[in-house]
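Spelled out, the chains give:
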Amino acid sequence: TLYLMAGLARAAEFAVPVPREMVQNGWRYLAAEAKEDWLPRALKEDCCWELLTYLNYVASSYPDRSWTGDFLTDDDRRKIVAFSFKHWRDHQPLLKLQLALTLERMDRHKDAELVLASVMDSAKTTRDEGTFWQPEDRSWLWYNDTIESHAFALRALTELQPKDARRDGLMQWLLINKKLSQWKS
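These numbers come from a predicted model, not from an experiment. (Residues numbered from 1 in each chain as written. Predicted model: local features only at pLDDT ≥ 70, side-chain atom pairs only at ≥ 80, totals over all residues. Heavy atoms only, no water.)

On to the nonpolar core. Counting 55 residues, the largest nonpolar core has W27, L55, V58 and Y62 as its most contacted members. If you list the elements that add at least two residues to this core, you get helix 1 (2-13), helix 2 (20-45), helix 3 (49-60), helix 4 (74-86), helix 5 (93-105), helix 6 (109-120), helix 7 (146-160) and helix 8 (166-180). No other element matches helix 2, which puts 8 residues into this core. Among residues more than four places away in sequence, those in contact with Y62 are M5, L8, A9, V23, W27, W67 and T68. (Core = buried A, V, L, I, M, F, W, Y, C linked by side-chain atoms within 4.5 Å. Buried < 20%, exposed > 50% of the residue type's maximum accessible area, 1.4 Å probe, protein only. Helix = DSSP H or I, 4+ residues; strand = E, 2+ residues; numbered from the N terminus. Contact = heavy atoms within 4.5 Å.)

This paragraph deals with the pattern of salt bridges. Evaluation of the coordinates by the stated rule reveals 12 salt bridges. The partner of R10 in a salt bridge is E13, with the nearest N and O atoms 3.3 Å apart. Residue R10 and its partner E13 are located together in helix 1, separated by 3 residues, close to a single helical turn. For R10, a relative accessible area of 38% puts it in the partly exposed group. (Salt bridge = Lys/Arg side-chain N within 4 Å of Asp/Glu carboxyl O.)

Using the criterion set out here, one finds 2 cavities of 30 Å³ or more in the structure. A volume near 30 Å³ is recorded for the second largest cavity. What lines the second largest cavity is E104, H109, A112, E113, L116, L160 and Q161. By residue number, the principal contributor to the lining of the second largest cavity is helix 6, which donates 4 residues. For the lining of the second largest cavity, the class distribution of residues is 3 nonpolar, 2 polar and 2 charged. (1 Å grid on protein atoms, 1.4 Å probe; cavity = no way out; pocket = protein on both sides within 12 Å on 5 of 7 lines; lining within 4 Å. Points joined across faces, edges and corners; volume = space filled by probe spheres on them. Nonpolar A, V, L, I, M, F, W, Y, C, P; charged D, E, K, R; others polar.)

This next bit is on the packing of aromatic side chains. Counted under the stated rule, the structure contains 4 aromatic pairs. With a centroid separation of 5.3 Å and an interplanar angle of 80°, the aromatic rings of Y57 and F152 are classed as edge-to-face. Remark: F152 occurs in helix 7 and Y57 occurs in helix 3; sequence separation between them is 95 residues. Judged on exposure class, the residue Y57 and its partner F152 are both buried. A centroid spacing of 6.4 Å and a plane angle of 15° characterise the contact between F85 and W88, whose relative ring orientation is stacked. Neither F85 nor W88 differs from the other in exposure class; each is buried. In textbook terms, an aromatic cluster arises when at least three aromatic residues are bridged by ring pairs, as seen for W27, Y62 and W67. Looking at R20, its charged tip hangs above the ring of W67, at a distance of 4.1 Å from the centre. One cation-aromatic arrangement involves R108 over F85; the distance from NZ or CZ to the ring centre is 5.1 Å. (Phe/Tyr/Trp six-rings, centres within 6.5 Å; stacked < 30°, edge-to-face > 60°. Lys NZ or Arg CZ within 6 Å of the ring centre and 35° of its normal.)

It is at 11 Å that the axes of helix 2 and helix 3 come closest, and there the two elements cross at 150°. By the criterion of interaxial angle, the relationship of helix 2 to helix 3 is roughly antiparallel. Every pair of crossing elements has a handedness; the one defined by helix 2 and helix 3 is left-handed. Residues W27, L30, A34, W38, L39 and A42 of helix 2 touch helix 3, and the partners they reach there are L51, L52, L55, V58 and A59. (Axes fitted to C-alpha atoms, helices over the stretch in contact; angles between N-to-C directions. Parallel < 35°, antiparallel > 145°, perpendicular 65-115°, else oblique. Left-handed = near helix turned anticlockwise from the far one by under 90°.)

Here it is, written out as structure tokens:
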């Protein structure tokens, strides 16, 4: 359900007609899961920040709060972002980028810059290859995918630091990778 809500948020971002009632029903379900299971378990066991970081990122991706309704309140979202930020150093790059965007959208600009800088500081830029990171260990995990992480870094830089020169390097790396590798889609 969360993955579908992410896709629908992306569609809404590009003005694709999205059934609002279906999105609100999805958020009603997700909020119940988050409040009754995910967040209490995460706080108790100090775990599962990946899921909560992604949940909050997706919630922040809709054009306005009318999409997510009051199912996930501002207080709920603040608790989730506080927990995610507490563990930001343990996040993989893609999740750090999602956290940075969420922090920015929740008016925590300084924290967003800190998290984004931690990801971008580990990037390497060369004239021939562009801007890139070494492949992640366990790249088969959804939050470690090399291509998706690079593309999302481009998205995050575009939103958070649109004048950063590494944007061009990320585009270069993605285009070279697409040309030299076999992408399945």
